Structures are given as structure tokens and as C-alpha cells.
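Structural overview for review
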Amino acid sequence: MSRIVMGVESSCDETGVGLVRLHDDGTVELLADEVASSVAEHARFGGVVPEVASRAHLEAMVPTVHRAFDTAGLRMSDVSAVAVTAGPGLAGALLVGLSAAKAYAAALDVPLYGVNHLAGHIAVDTLQHGPLPAPSLALLVSGGHTQLLRVDDIAGKITEIGSTVDDAAGEAYDKVARVLDLPYPGGPPIDRAAREGAPDAIAFPRGMTGPRDAAYDFSFSGLKTAVARWVEAAQARGEDVPVADVAASFQEAVADVLTAKAVRAATESGIGTLVISGGVAANSRLAALAAQRCADAGIELRIPRPRLCTDNGAMIAALGAHLVSAGCAPSALEVSADPALPV
Ligand code: KG4
Ligand code: ZN
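These figures come from a predicted structure and were not determined experimentally.

Points about the overall build of the protein chain
- Scanning the protein chain from N- to C-terminus turns up 12 helices and 10 strands.
- Compactness check: the protein chain gives a C-alpha radius of gyration of 20 Å against a globular reference of 20 Å for 343 residues, within 12% of the reference.
- Judged by the C-alpha coordinates and their principal axes, the protein chain covers about 65 × 45 × 30 Å.
- Burial status across the protein chain gives 52% buried among its 343 residues.

Brief notes about the sheet that holds strand E2 (residues 14-22)
- One open sheet accounts for five strands, arranged E3-E2-E1-E4-E5; its pairing is mixed. Looking along the sheet, the strands with just one partner apiece sit at the ends: strand E3 (28-37) and strand E5 (112-116). For this sheet, the mean angle separating the axes of adjacent strands, direction not counted, is 20 degrees.
- Where E2 meets E3, nine bridges bridge the pair, whose relative direction is antiparallel. Looking across to E3, one finds that Thr15 is bridged to Ala36.
- Along the sheet, helix H2 (residues 50-72) makes contact with E2 and E3, crossing E2 at roughly 30 degrees.
- Across the sheet, helix H12 (residues 314-325) lies against strand E1 (3-9), E2, E3, strand E4 (79-87) and E5, angled at about 135 degrees from E1, the strand it touches most.

Digging into the environment of Thr259
- Tracing the backbone through its elements, the reader meets Thr259 in helix H9 (residues 243-269).
- Sequence separation between Thr259 and Leu148 is 111 residues, and the spatial gap between their C-alpha atoms is 11 Å.
- Discounting chain neighbours no more than four positions away, the residues touching Thr259 are Leu286, Leu289, Ala290 and Arg293.

Topic: the UniProt feature "binding site: substrate" (unreviewed entry) in the protein chain
- As recorded in UniProt, the feature "binding site: substrate" (unreviewed entry) lies at Leu140, Val141, Ser142, Gly143, Gly144, Asp174, Gly187, Asp191 and Asn283.
- Following the sequence through the fold, Ser142 ends up in the loop between strand E6 (136-141) and strand E7 (146-151).
- Ignoring any residue separated from it by four or fewer positions in sequence, one finds Ser142 in contact with Ala168, Gly170, Gly278, Gly279 and Val280.
- Tracing the chain through its elements places Gly144 in the loop between E6 and E7.

Notes on the site of ligand 1
- Around ligand 1 there are 19 residues in total, and Gly143, Gly170, Gly187, Gly279 and Asn283 lie nearest to it.
- Secondary-structure elements contributing two or more residues to the shell around ligand 1 are helix H6 (169-179) and helix H7 (187-194).
- Taken together, the residues of the shell around ligand 1 break down into six nonpolar, 10 polar and three charged.

Things to note about the UniProt feature "binding site: Fe cation" (unreviewed entry) in the protein chain
- Taking the UniProt record as the reference, the feature "binding site: Fe cation" (unreviewed entry) is found at His117, His121 and Asp311. A maximum C-alpha distance of 8.8 Å is found for the annotated residues, which run over 195 residues; spatially they form one tight group.
- Following the sequence through the fold, His121 ends up in helix H4 (residues 117-123).
- Ignoring anything within four residues of it in the chain, the contact list for His121 reads Leu140, Ser277, Gly278 and Met315.
- Summarising the element assignment, Asp311 is placed in the loop between helix H11 (306-309) and H12.
- Since 27 C-beta atoms lie within 10 Å of it, Asp311 is described here as buried.
- When near neighbours in sequence (up to four residues on either side) are disregarded, Asp311 contacts Glu9, Ser11, Cys12, Glu14 and Gly16.

Here we look at the packing of H7 against H9
- Contact pair H7 / H9: the axes reach a minimum separation of 7 Å and the direction vectors enclose 110 degrees. Relative to H9, the element H7 lies roughly perpendicular. Residues Ile190, Asp191, Ala193 and Ala194 of H7 pack against Val243, Ala244, Ala247, Ala248, Phe250 and Gln251 of H9.
- Broken down by class, the residue content of the contact of H7 with H9 amounts to eight nonpolar, one polar and one charged.

Section: the domain arrangement of the protein chain
- On domain assignment, one finds that the protein chain holds domain 1 (3-124 + 312-325) and domain 2 (132-307).
- Averaged C-alpha coordinates put domain 1 and domain 2 at centres separated by 27 Å.
- Contact residues are listed per partner, giving 13 residues for domain 1 and 18 residues for domain 2.
- Those elements giving two or more residues to the side of domain 1 that touches domain 2 turn out to be H4 and H12.
- A total of five residues in the side of domain 1 that touches domain 2 trace back to one element, the largest contributor, which is H4.
- The residue inventory of the side of domain 1 that touches domain 2, partitioned by class, reads nine nonpolar, four polar and no charged.

About the thresholds
- Residues numbered from 1 in each chain as written.
- Chains lettered and ligands numbered in written order.
- Predicted model: local features only at pLDDT ≥ 70, side-chain atom pairs only at ≥ 80, totals over all residues.
- Helix = DSSP H or I, 4+ residues; strand = E, 2+ residues; numbered from the N terminus.
- Rg over C-alpha atoms; globule rule 2.2 N^0.38 Å.
- Buried ≥ 20, exposed ≤ 12 C-beta atoms within 10 Å, placed from the backbone.
- Pairing = 2+ DSSP bridges.
- Axes fitted to C-alpha atoms, helices over the stretch in contact; angles between N-to-C directions.
- Contact = placed C-beta atoms within 7 Å.
- UniProt positions renumbered as here; feature names shortened; annotations may be inferred.
- Near = placed C-beta within 6 Å.
- Nonpolar A, V, L, I, M, F, W, Y, C, P; charged D, E, K, R; others polar.
- Parallel < 35°, antiparallel > 145°, perpendicular 65-115°, else oblique.
- Domains from an automatic or database assignment.

Okay, structure coming up:
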């Protein structure tokens, strides 16, 4: 008898509600993935404004839940479990999703699972590519996170083996976009501009690649500053900024470091599968370079489609389904938001 799991996501600026079907053989099927984004409301601030995000979640939550059930052609009484992001994320934003999920779980008298957003970014891949081999390596690259994670069990054992020591990769994209007068969020416009530019036009620094640096950690703050200084110097000379070349050279530096470290970690740990997820996984150069380097190293590469890579409710539903399938204990109804929840 298959079971329906509902997932609720509200850790940042997307209100996401997903519905999945957990089959008896443990496979998880995507039925609905509805997202309402407040990104446009944050654009003029150049970053997410927590208070604006919380209010937007409050307004969007119930309509998004209804859209998900309409899309899936299901009734609420079909749901067997509710999963919700408990952290990490913005405290006020998380509380909106948690409150809604608790209300639905209590009203439907089904178990509630407070889950980790980062694990959700990995679990979502199973909706597209099927069960994840154990162990796998995950490179999580988003606006808030840049981490290398060893995944022994998606329902239990995930270990961080590296992370950024300063900015997240997506944050660097957003800051460089601002320097180049491109809109927020910066990833998509930089990705587009880079197509017309030369990746080797400017030799931007590769952070944390020195002999004494931690092998699997990342740093993007120096790169961001180097781009800003380069642009300022060009402007001071009265030159037009070659936006496409700057974008392509910056993008190359990010993709180079991310893929080199991920492939090195997989090879040194004897892991045969790399999953790249999070908003930056939608980057075309990152995907191309990862494909090339993974093929050279004999590593299977899995990147979920862009829609699944950015924040959504389906990733939380998928993770919830894996917890149900593994027989994990549900959370207490008192489960609270943890803005700094580690994996
Ligand atoms: O996972 P996500 O939707 O939200 C967070 O949890 O942060 O990631 C958003 C980040 C933003 O920084 C955005 O600029 C970046 O992902 N991004 C991209 C691309 N699309 C989105 N970065 C590079 N290339 C892209 N095509
Ligand atoms: Zn995320």
C-alpha cells in the first residue's frame, strides 16, 4: 500500500509545498511541486529581507497547499505523513512553515517530521534519478550554503567533509552581479552574460587552493573582492567594463574550484557518485565542467533539473518519504525552528 507524504518548505524566500507517493519498494514518485516565490519583493534590496519573507510565506502558504492538492488530484485525507523544514534558515520564515505543517499534521492525525533543509536538497535527486547509491558525495551550492557532504544514508547519516569559510557560492554570484549592474538574484544573469564572454579573459583567484589550505573547504570572498577591484580599476581608467568577459572569468573560477574539490573528495574517499544540488547547480558552466571532470575520473554525476535544485516543497516531501520508509521516529508536535541546524 503506497503512502502520500506532504512536504512544506519556508526556510528562505520560497513557499514550497510538495506531494510525493512512497511506493512499497521504497521508491518515491513526485506528484506535485508548487512554489510561490517572494524573490521579486527582495530584488530592490539586493538580498532577502527576513521580515518581508515571513509575511510573504504567511500569505502564500494556504493557497500553495491547495494548489498542490489540486495538481496532484488528491484530498488532504490521502496524506499519511507531513514533513517540514525545521532548519537551517531564517527563524521567522521557518516558523510559518512549521506552524502550518503542525496544524495539518494535527488536523489529519498523521505523523510530523521536522527535517533538515540541506538533506532535502540531496533527497530531491531521488525523485529524478532514483535511489541514491551509498555512499554518495553531495556538493550543495546555494545562496546560503556551500558544502561537501558524504551521504551514507539519506535518512540518517550525512557527514560534512568541507564547507565555505566565508561566502556561499550563490552569495558570490549575487554580489558580483551587483558590481556588474546585473539584477538580483545574480546567478541567472551572470550565467547568460558569460555565454558571450571568454572564461580565460581575466585570471581571477581560486580561493583555498594553496598547499596549506584545507583540501575540501571553499572561499569565495577573495574572488568577489578581486572582481570588484578589477571593475573599479577599469572604471577609474574610463574604460567600459567588459561585462561578458568578467562574468565568464568569474564563473570559470567558481566552477573550477567547486568541481576540482568535489572530484578530489570523491576520488580520495573512493565514492563513485556525485550529486550537485542547490540553486547554483543550475549553472551551465558548473554542470559542463563537472560532467567533463567526473567522466575523466570515472564518477557518476547526478544533477537534478533546475526546478528541483532551487528551494521547493518536493525536496522536503522526498526526504520525509525516505524517513517514513526507513521507519524513523516522527518529531514531537513541539518541534521548533532551528535557524542554524547542522546536517
Ligand atoms: O537554493 P536556492 O534557490 O536558495 C537558497 O537556499 O539559497 O539558491 C539561490 C542561489 C542564488 O544565489 C542564485 O544567484 C543562485 O542560486 N543561482 C545561480 C543560478 N541560478 C540560481 N547561480 C549560478 N548560476 C545559475 N544559473
Ligand atoms: Zn536551499
